Amino acid sequence: MPIGQLFKASKVLIGVVHLPPLPGSPGWGGDMGWVLDRAQEEASVLEQGGANGIILENFGDVPFRIGSVEPETVAAMTLAVARVKQGADLPVGVNMLRNDAKSALAVAATTGADFIRVNVHYGVMAAEEGLVQGDAYETLRHRRSLGVEVKILADVLVKHAVPVGPQDLGQMAQETTYRGLADGLIVSGPVTGQPAEESDVAVVREAVPDGFLLVGSGVNESNAARLLASADGAIVGTSLKRDEIVSNLIDPERVKRLAEIIHELGS
């Protein structure tokens, strides 16, 4: 099944559940039951508000590191994704920060999740944590060995990072799609909550005209029509929060309003 059919909408809204600190992280609060309850509650708000999909991130586990996360992080993510997947009638995804695609696939395969987000799937980026190197070779072969149909959404020149040397956005989109075999692409702004450039979205659309393309940061009620003109939808976290503060809870009314706008764009 092409990834676009997974979300059953012409223009899709994928809402983000930013998980609180998990076991092993500096901010861990010691109560996994509370973490799971909050994840389920926020996923329910997204579903009831009209989202077409949900993605969970270990967002509270700062500071991040490059590469494999610790076993306790995988265990906690598995519990959280399983709780959301069991209670939601929507596609559910996993983003294992920062860039642990193999663990994300493991969580997805175990829980029945539908897709993962990979910040650097193809190419190399310089981030605050160091060099982030894509490993499409390993990720695609690991997915094959697991025997699952988990889709891969891959960022093109991901936020919170810069290319190593000059980089052509359109060419990178093509490489990520046709050589990295990503199922869909994500274009973001420079950091969490900041919008992508309209021109960047248009460049990626032109480079991969038949691909599935999402805007991965900064989409809100005022700019959705403009940013999604060339895209198939958006992954949204910050603008759905109360007062648009990323650490706050999701605001049900913000979800409903943005979902209505995005779905209207697809009609």
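Keep in mind it's a predicted model, so treat the numbers as computed, not measured.

About the criteria used
- Residues numbered from 1 in each chain as written.
- Predicted model: local features only at pLDDT ≥ 70, side-chain atom pairs only at ≥ 80, totals over all residues.
- Heavy atoms only, no water.
- Core = buried A, V, L, I, M, F, W, Y, C linked by side-chain atoms within 4.5 Å.
- Buried < 20%, exposed > 50% of the residue type's maximum accessible area, 1.4 Å probe, protein only.
- Contact = heavy atoms within 4.5 Å.
- Helix = DSSP H or I, 4+ residues; strand = E, 2+ residues; numbered from the N terminus.

Describing the nonpolar core
Stage number 1. If you look at the biggest cluster of nonpolar residues, it comprises 64 residues, and the most contacted ones within it are Leu19, Ile54, Leu56 and Ile116.
Stage number 2. What Ile116 contacts, discounting residues up to four positions off in sequence, is Val94, Ala101, Ala104, Leu105, Ala108, Val150, Lys151, Ile152 and Leu153.
Stage number 3. Counting residues in hydrophobic clusters, the runner-up holds 13 residues, among them Val12, Val16, Ile186 and Leu214.

Things to note about unusual backbone geometry
Stage number 1. Cis peptide bonds are those with omega within 30 degrees of zero, and the linkage from Val62 to Pro63 qualifies with -5°.
Stage number 2. Inspection of the secondary structure puts Pro63 in the loop between β2 (53-57) and α3 (71-87).
Stage number 3. Each neighbour pair has its own omega, and for Leu97 with Arg98 the value is 5°, a cis peptide bond.
Stage number 4. With respect to the helices and strands, the residue Arg98 is situated in the loop between β3 (92-95) and α4 (101-111).
Stage number 5. The residue Glu244 is not glycine, and still its phi comes out positive at about 55°.
Stage number 6. Relative to the helices and strands, Glu244 is located in the loop between β11 (233-236) and α9 (252-265).
Stage number 7. You can call Glu244 partly exposed: its relative accessible area is 37%.

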